[in-house]
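Examining the three-dimensional arrangement
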Amino acid sequence: MKKLFAVLLVLCAATLSFAQGQAHKLTMDRGFFSTDYTIDGQEVDCDAFERELANVPEAISKWKTGNILRYTSWGVAAGGGFLVGYSIAVGSAPGSSDQGYKRTLALGGAIIVAAFVIEYIGNSKKDGAVEIYNNEIGKIAGNASTNLSLVPTQQGGIALAFNF
């Protein structure tokens, strides 16, 4: 009975020591046209980056909010760009004496500026998601107060080590 209990204890300890997740460090370098995503210094694609972020629910939620804001800003900017282009076309038409196109031009410019603000907010949400992941994953991966692992002994066996 004692041997069975000892074997079960060792198996349980081995499971605990190997079940701890590994903490990864995520970084995101935003360029002008593209963004570089890295996990532990290795460049990965956006999908792998998002899969890793999914390990922390608060981080992936904030990431998705940032993506929604970013894509919304693209649509808003396209609408503002259309208004600017349309007002320039109307204002430069031969025989056009109407000055109403200036209001449309100003409105389109204001909408484009609003789109830049929305883009900035979305990017800050995504940066916050990466910070949340990097802060929380260490707490999830291993408890700093207790560590249970199997270690080799000098006699060639293995031992159960408790660190508090």
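In short, a report on the structure. All figures in this text were calculated on a predicted structure; none of them were measured in a lab.

So, on to the sheet that holds strand S3 (residues 42-44). Through backbone hydrogen bonds, the strands of a sheet pair up, either in parallel or in antiparallel fashion. One open sheet accounts for three strands, arranged S1-S2-S3; its pairing is antiparallel. Two strands close off the open sheet at either side, each with one partner strand: strand S1 (26-30) and S3. Pairwise comparison of adjacent strand axes, ignoring direction, gives a mean angle of 35° for this sheet. In this sheet, strand S2 (residues 35-39) lies alongside S1 in antiparallel orientation, the contact comprising five bridges. The residue bridging arginine 30 from the neighbouring strand is threonine 35, located in S2. Relative to the sheet, helix H2 (residues 46-53) contacts S1, S2 and S3, its axis offset from that of S2 by approximately 50°.

Looking now at the environment of tryptophan 74. Relative to the assigned elements, tryptophan 74 resides in helix H3 (residues 57-91). Residues tryptophan 74 and isoleucine 118 lie 44 residues apart in sequence; the distance between their C-alpha atoms is 9.1 Å. Polar side-chain contacts of tryptophan 74 include one of 3.3 Å to the side chain of glutamate 119.

If you walk through the whole model with that rule in mind, you get six aromatic pairs. Judged by centre distance (4.7 Å) and plane angle (85°), the ring pair of phenylalanine 32 and phenylalanine 33 falls under edge-to-face. Residue phenylalanine 32 shares its accessibility class with phenylalanine 33, and that shared class is exposed. Each ring, one from phenylalanine 49 and one from tryptophan 63, has its centre 5.5 Å from the other, and the planes form 50°; the classification is tilted. Taken together, the residues span a long stretch of sequence, with phenylalanine 49 in helix H2 and tryptophan 63 in helix H3 at a distance of 14 residues. A relative accessible area of 0% places phenylalanine 49 in the buried class. Joined through ring pairs, the aromatic side chains of Tyr37, Phe49 and Trp63 make up one cluster. Across from the ring centre of tryptophan 63, 4.5 Å away, lies the NZ or CZ of lysine 126, which sits over that ring.

With that out of the way, let us pick up the pattern of salt bridges. Applying the stated criterion across every chain yields a total of two salt bridges. With a closest N to O distance of 3.1 Å, aspartate 127 and arginine 30 form a salt bridge. Of this pair, aspartate 127 sits in helix H4 (residues 101-141) while arginine 30 sits in strand S1; the two residues are 97 residues apart in sequence, bridging distant segments of the chain. On the basis of relative accessibility, which here comes to 36%, the residue arginine 30 falls in the partly exposed class.

Let us look at the nonpolar core. Formed by 15 residues in total, the largest nonpolar core has its most connected members in Leu26, Phe49, Leu53, Trp63 and Tyr133. When residues of this core are assigned to their parent elements, the largest contribution, five residues, is made by H4. For leucine 53, the contacting residues outside a window of four places in its chain are Leu26, Ala59, Ile60, Trp63, Ala129, Val130 and Tyr133.

Cut-offs applied
Residues numbered from 1 in each chain as written. Predicted model: local features only at pLDDT ≥ 70, side-chain atom pairs only at ≥ 80, totals over all residues. Heavy atoms only, no water. Pairing = 2+ DSSP bridges. Helix = DSSP H or I, 4+ residues; strand = E, 2+ residues; numbered from the N terminus. Axes fitted to C-alpha atoms, helices over the stretch in contact; angles between N-to-C directions. Contact = heavy atoms within 4.5 Å. Polar contact = N/O pair within 3.5 Å; in protein donor to acceptor, adjacent residues only side chain to side chain. Phe/Tyr/Trp six-rings, centres within 6.5 Å; stacked < 30°, edge-to-face > 60°. Buried < 20%, exposed > 50% of the residue type's maximum accessible area, 1.4 Å probe, protein only. Lys NZ or Arg CZ within 6 Å of the ring centre and 35° of its normal. Salt bridge = Lys/Arg side-chain N within 4 Å of Asp/Glu carboxyl O. Core = buried A, V, L, I, M, F, W, Y, C linked by side-chain atoms within 4.5 Å.

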